[in-house]
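Take a look at the letters that make up each chain.
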Amino acid sequence: MVKILVDEQIKGGKSNFKIKKFLEDEGFNDDVIPDNKQLSNRRSYLKSIILGELCQNTKGGFYSWLKDHTKDFSDASNHEMIIISHELNDKDFRLVLSTKSLLENAVKENQNCRGYMALDSTHKIVSCQFKFTTIATSTNNQEITDIAYIIHAHEDSETFTYALREIKTQSKVFLTLTGQFM
Amino acid sequence: MSDFSYPIAVSIQQNFPDARRGKCYFHMVQNIIKRYNKKRYEDLRLYVEFLGCCLSVNELKSAWDLIKKDIPKNRKLNDIAANFIEYFEDFYMKEENMYYYIGALPPAYGNTNNMLEGHHRHLKQNILERKVHSIGTV
């Protein structure tokens, strides 16, 4: 059981929050909470890669975009966004991105180990008509730690089921690769 | 934790059937305000907050039974009492939607989705660069 307490927020300067952690799990990774640089990287990924590049692509351009931005788990840092799954056909488009840290915690969360997952949908990206859903884990003080995004064409249960299933599956793959899932 | 979206509820149930579910109390309040307007919500607020403070599902059901008896006696709510009771019972007392009370999730987890709402507001304003226009200004 891991308990994380966000002790206080200090505004200003480069480090605008200070997080105090109480960890009871010996195997727990200290890097699970993003620092400001990692948060900033996430935002710029969303802005330049997803909105800047992906949304201006044609269907044909999508696959070369995908090739350029697909990464192995081992090459990504903890809070870096990884493309974990996609589906593109004449009727539908789904793209699931997640931080490596969320994959590490998604299955554990289900075992009531830490935090919880929250979902919120749907904000249409005006420039490209896609919808946008966020899945996040948080500390007990409602600070977002890990995050996953779904960029999707339709807002239906198939889309959300697809995304959560992929997150769960990839999470198990990731934890198996790193020896954390038996 | 999510809002009351049906597709989201279905997908969570399918993928995480054993997980504890939470529904956003704030979204419920917003939905009631949309249905009855803000002024009428003030008359209903005490009842809704009473339900939000419950610690268990049994407490929630008992509280709702009390409220159902009390609302018809409230003169301010004469015109909407029956409608509100029917609406609330049909939607917010249903098994899949009733986890908005504070005890639905473990202590300190809260009963709102506000952290993600805040995250989306930030994305909309600073990254998606969507502008908010007052009615009549465009």
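Cut-offs and rules
- Residues numbered from 1 in each chain as written.
- Chains lettered and ligands numbered in written order.
- Predicted model: local features only at pLDDT ≥ 70, side-chain atom pairs only at ≥ 80, totals over all residues.
- Helix = DSSP H or I, 4+ residues; strand = E, 2+ residues; numbered from the N terminus.
- Buried ≥ 20, exposed ≤ 12 C-beta atoms within 10 Å, placed from the backbone.
- Contact = placed C-beta atoms within 7 Å.
- Axes fitted to C-alpha atoms, helices over the stretch in contact; angles between N-to-C directions.
- Left-handed = near helix turned anticlockwise from the far one by under 90°.
- Nonpolar A, V, L, I, M, F, W, Y, C, P; charged D, E, K, R; others polar.
- Core = buried A, V, L, I, M, F, W, Y, C linked by C-beta atoms within 7 Å.
- pLDDT = per-residue confidence, 0-100.

What about the overall build of chain A?
At step 1: Check the secondary structure of chain A and you find four helices and seven strands.
At step 2: In chain A, the order of α-helices and β-strands from amino to carboxyl end is β-β-α-α-β-β-α-β-β-β-α.
At step 3: Expressed as a percentage of the 182 residues in chain A, the buried residues total 34%.
At step 4: Considering only contacts within chain A whose residues lie at least 6 apart along the sequence, 46% involve residues at least 24 apart.

Some words on the packing of helix α4 (residues 157-177) of chain A against helix α1 (residues 6-15) of chain B
At step 1: Closest axis-to-axis distance for the α4 of chain A/α1 of chain B pair is 8 Å, and the angle between their directions is 35°. Considering the relative orientation of α4 of chain A and α1 of chain B, their crossing is right-handed. Residues Ser157, Phe160, Thr161, Leu164, Arg165 and Lys168 of chain A of α4 of chain A lie in contact with α1 of chain B, whose contacting residues are Pro7, Ile8, Val10, Ser11, Ile12, Gln14 and Asn15 of chain B.
At step 2: Class assignment of the residues belonging to the contact of α4 of chain A with α1 of chain B gives a composition of six nonpolar, five polar and two charged.

Remarks on unusual backbone geometry
At step 1: One non-glycine residue with positive phi stands out, namely Asn37 of chain B, at about 80°.
At step 2: Looking at the element boundaries, Asn37 of chain B is found in the loop between α2 (25-36) and α3 (38-52).

Digging into the nonpolar core
At step 1: Judged by nonpolar contacts, the single largest core of 52 residues is most densely connected at Val96, Leu97 and Ala148 of chain A.
At step 2: Not counting residues up to four positions away in its chain, the partners in contact with Leu97 of chain A are Met81, Ile82, Ile83, Ile84, Ala148 and Tyr149 of chain A.

Remarks on the confidence of the model for chain A
At step 1: Looking at chain A as a whole, its pLDDT mean stands at 71, while 68% of the residues score no less than 70.
At step 2: Note that pLDDT drops below 50 for residues 1-28 of chain A; the model gives that stretch 37 contacts with residues more than four away or on any other chain.

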